[in-house]
Amino acid sequence: MADAVDKRTIIIIGSGQGGYQMAASLRDEGFDGRLLLIGDEPGFPYQRPPLSKAYLTGKTVEEALRLRPPAYYADKKIELIEGRRATAIDRAARRVVLNDGQSLVYDELVLATGARNRTLHVPGHDLDGIFYLRTLADAQSLKGSMAGISRAVVIGAGFIGLEFAAVARAAGIDVTVVEATTRPLGRALSPITSQYFVDAHEAWGTRFVLGTGISHFDGVGGQVTHVVTQDGQQLAADLVLVGIGVLPNQELAAEAGLACENGIVVNQFLRTEDPHVSAIGDCCLYPSFFAAGPTRLESVQNAVDQARNVAARLMGRPTPYAGIPWFWSDQGDLKLQIVGLTGGHDSAVVRGDPAGRKFSVFCFGNGRLLGIESINQAGDHMAGRKLLAGHHDLTPDKAVDLEFDLRLYAKEIPPVARTDD
Ligand SMILES: Cc1cc2nc3c(=O)[nH]c(=O)nc-3n(C[C@H](O)[C@H](O)[C@H](O)COP(=O)(O)OP(=O)(O)OC[C@H]3O[C@@H](n4cnc5c(N)ncnc54)[C@H](O)[C@@H]3O)c2cc1C
């Protein structure tokens, strides 16, 4: 007898990295019901990481950013509703309303609404030449404006700001980075690694202005000419990139009465308090095995692994989400890979050769490995993924000992099933 057809309708809101993966994984898992993927950006789902890297340098073209060719969605019967925004969720009726008035009924709803840039509202913020970078449309305007300019100011020394700084310097543009704190990449990296990146950017010719905010922008004829810092510095700029972090897109969920803090609150199965509504990716705040408190991550790994987890649950195989956080960033000739969450570490040791641009920083908390930041050391990063997936006894002494075969040791660590340890 043939298997019964799944009569459910699953709606995914947000057609970015997580939303696309959700749809793809549901089909891979054998879901044969109706599947709708709603996105407010025009076009087919694409990857964001190259927007601040290979797309800006011209090494990658727009079509190559697509997560799948257009035919994929038709083949897999994924109904992509692009360029339209979900404006309301009626949980009692299990209905989503779109900005064109369409109303769609679901059995299961997945929120993959991502995050949006924080904006800087100081005088002059609406002058031409001030850019943000989140979407392909943002990247198109930024790229178009880089040709022929000589001075750029980057506001915010996070990953996107520094990736842009590296690309701009390599294109011969004079770059100044202004950062309100005294430590670039301070939120994401250990002091050793963040200082390494500052030194590298300075060696490439970038100037840092640290520990001050932005007072206002000056301009002539509607075009930005200067960034003025709160401590009175006037920085000449033909172009400004603002990269001061993001806010989760949680208003839709909040207006539907779902708990939201810094993200849409979900349990270890990535389900909201409504059993028919899940949330994944940049928009969701979840209990992580790798952090003390609720966590919201902004990474491809997080969006992809959470989508896979929810797809498996919706197909009858629930497991607590236990994806190992990892992330990468490319800046000049430095490939940074991070595994684990190194935020709360109390000690850090270096393995390898910083002068030779190949090393890793192993971060420990209470003697336990929390994560590894690797520069041009993919082997250490991959070993780290295995270590964090299992029970190991790696000590700082072993970590720094180059005679100690880290890869072999990691290979022999069996992964553990995480429940609530
Ligand atoms: C320039 C850049 C570089 C990056 N580089 C890296 C990197 O090197 N490594 C890495 O791991 N991560 C990187 N990231 C982060 C990574 O891209 C994100 O973490 C990832 O895209 C998150 O996926 P998501 O599906 O949660 O959100 P998104 O990919 O942002 O998708 C959310 C989508 O939902 C849409 N949406 C929101 N609300 C609605 C609504 N009401 N109705 C319809 N649609 C809606 C949004 O417009 C968006 O299209 C980078 C991000 C950027 C912007």
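Residues numbered from 1 in each chain as written. Predicted model: local features only at pLDDT ≥ 70, side-chain atom pairs only at ≥ 80, totals over all residues. Heavy atoms only, no water.

Details of the sheet that holds strand β25 (residues 347-353)
Note on sheets: strands pair through backbone hydrogen bonds, and any given pair is parallel or antiparallel. Spatially, the five strands line up as an open sheet ordered β23-β24-β27-β26-β25, and their pairing is antiparallel. This sheet does not close on itself; its edge strands, each paired only once, are β23 (326-331) and β25. Adjacent strand axes in the sheet meet at a mean angle of 15° when their direction is disregarded. (Pairing = 2+ DSSP bridges. Helix = DSSP H or I, 4+ residues; strand = E, 2+ residues; numbered from the N terminus. Axes fitted to C-alpha atoms, helices over the stretch in contact; angles between N-to-C directions.)

Quick word on the sheet that holds strand β3 (residues 78-82)
Strand order in the open sheet formed by five strands is β3-β2-β1-β7-β20, and the pairing between neighbours is parallel. Strands at the two margins of the open sheet, each flanked by one partner only, are β3 and β20 (277-279). In this sheet, adjacent strand axes meet at a mean angle of 20° when their direction is disregarded. Sheet contacts for helix α1 (residues 17-28): β1 (9-13), β2 (34-39), β3 and β7 (108-111); angle to β2, the most-contacted strand, approximately 170°. Running at roughly 175° to β7, helix α9 (residues 300-314) makes contact with β1, β7 and β20 of the sheet. (Contact = heavy atoms within 4.5 Å.)

Comments concerning the side chain of threonine 9
Inspection of the secondary structure assignment puts threonine 9 in strand β1. Judged by its relative accessible area of 12%, threonine 9 falls in the buried class. Contact partners of threonine 9, with chain neighbours within four places excluded, come to Arg34, Leu36, Val105, Tyr106, Asp107 and Glu108. (Buried < 20%, exposed > 50% of the residue type's maximum accessible area, 1.4 Å probe, protein only.)

Some words on the domain arrangement of the chain
Domain annotation of the chain identifies domain 1 (9-116 + 247-314), domain 2 (119-244) and domain 3 (333-411). The distance between the C-alpha centroids of domain 2 and domain 3 comes to 31 Å. Across the boundary between the two partners, domain 2 contributes 11 residues, which contact 15 residues of domain 3. With both sides pooled, the region where domain 2 packs onto domain 3 buries about 1,000 Å², and carbon together with sulfur makes up 73% of that total. A per-residue breakdown of the area domain 2 buries against domain 3 is headed by Ile192, Tyr196 and Phe197, which together make up 48% of the total. Our enumeration of links across domain 2 and domain 3 arrives at three residue pairs in polar contact (both at pLDDT 80 or more). (Domains from an automatic or database assignment. Buried area = accessible area lost by both parts, 1.4 Å probe. Polar contact = N/O pair within 3.5 Å; in protein donor to acceptor, adjacent residues only side chain to side chain.)

Overview of the UniProt feature "domain: Reductase C-terminal" (unreviewed entry) in the chain
As annotated by UniProt and renumbered to match this structure, "domain: Reductase C-terminal" (unreviewed entry) occupies residues 326-408. With 24% helix and 43% strand, the stretch residues 326-408 has end C-alpha atoms that lie 21 Å from each other. (UniProt positions renumbered as here; feature names shortened; annotations may be inferred.)

Considering the site of the ligand
Taken together, 34 residues form the shell around the ligand, and within it Gly18, Asp40, Glu41, Lys53 and Arg134 come nearest. In this structure, glutamate 41 approaches the ligand through a side-chain N or O atom, which is 2.6 Å from an oxygen atom. Residue alanine 86 places a main-chain N or O atom 2.9 Å away from a nitrogen atom belonging to the ligand. In isolation the ligand exposes 1,000 Å². Once the protein is present, 96% of that is buried. Counting residues per element, the ones that place at least two in the shell around the ligand are α1, β2, α9 and β23. With three residues, the top contributor of residues to the shell around the ligand is α1. (Near = heavy atom within 4 Å. Areas by Shrake-Rupley, 256 points an atom, 1.4 Å probe, with all protein chains shown as cover.)

Things to note about the UniProt feature "domain: FAD/NAD(P)-binding" (unreviewed entry) in the chain
The sites that carry the UniProt feature "domain: FAD/NAD(P)-binding" (unreviewed entry) are, in the present numbering, residues 9-307. Segment residues 9-307 splits into 25% helix and 30% strand. End C-alpha atoms: 17 Å apart.

Some remarks on the packing of aromatic side chains
Following the criterion strictly, the structure yields eight aromatic pairs and no others. Ring geometry for tyrosine 196 against phenylalanine 359: centres 4.6 Å apart, planes inclined by 65°, an arrangement best described as edge-to-face. Here phenylalanine 359 lies in strand β26 (residues 358-365) and tyrosine 196 lies in helix α7 (residues 191-203), a separation of 163 residues in the sequence. Judged by its relative accessible area of 15%, tyrosine 196 falls in the buried class. Pairing phenylalanine 404 with tyrosine 409 gives two aromatic rings, centres 5.2 Å apart and planes at 55°, and the pair type is tilted. A residue is classified by how much of its surface remains accessible, and tyrosine 409, at 16% relative accessible area, is buried. Taken together, the aromatic side chains of Tyr20, Phe44, Tyr72 and Tyr73 make up a single cluster linked through ring pairs. Directly above the ring of tyrosine 55 sits lysine 143, whose terminal nitrogen or CZ lies 4.7 Å from the centroid. Lying over the aromatic face of tryptophan 326, arginine 385 brings its terminal NZ or CZ to 3.9 Å of the ring centre. (Phe/Tyr/Trp six-rings, centres within 6.5 Å; stacked < 30°, edge-to-face > 60°. Lys NZ or Arg CZ within 6 Å of the ring centre and 35° of its normal.)

Concerning α7
The terminal C-alpha atoms of α7, which comprises 13 residues, lie 18 Å apart, in line with the 18 Å expected from a rise of 1.5 Å per residue. Those residues of α7 not exposed but buried are Thr193, Ser194, Tyr196, Phe197, Val198, Ala200 and His201. On the buried face of α7, the contacting elements are α6 (159-170), β12 (207-210), β23, β24 (334-340), β26 and β27 (368-375). Positive backbone phi, at 105°, marks glycine 205, one or two positions downstream of α7. (Expected span 1.5 Å × (residues − 1).)

Topic: the side chain of serine 25
Residue position: serine 25 is located in helix α1. Once residues within four sequence positions are removed from consideration, serine 25 is found in contact with Arg308 and Ala311.

What about the nonpolar core?
In this structure, Ile11, Met22, Leu109 and Leu111 are the most contacted members of the largest nonpolar core, which totals 48 residues. If one sorts the elements of this core by residue count, α1 sits on top with five residues. Membership of the second largest hydrophobic core comes to 40 residues, among which are Ala139, Met146, Leu189 and Tyr196. (Core = buried A, V, L, I, M, F, W, Y, C linked by side-chain atoms within 4.5 Å.)

Focus: the pairing of β27
In terms of burial, β27 is a largely internal element, seven of the eight residues being buried. Taken together, the five bridges between β24 and β27 define a ladder with antiparallel strand orientation. Within β27, the position partnered with valine 339 by the bridge is isoleucine 372. Pairing between β26 and β27: seven bridges, direction antiparallel. Residue pairing across strands places glycine 365 opposite arginine 368, the latter belonging to β27. Following β26, the chain reverses through two residues before pairing antiparallel with β27; asparagine 366 in that reversal takes a positive phi of roughly 50°.

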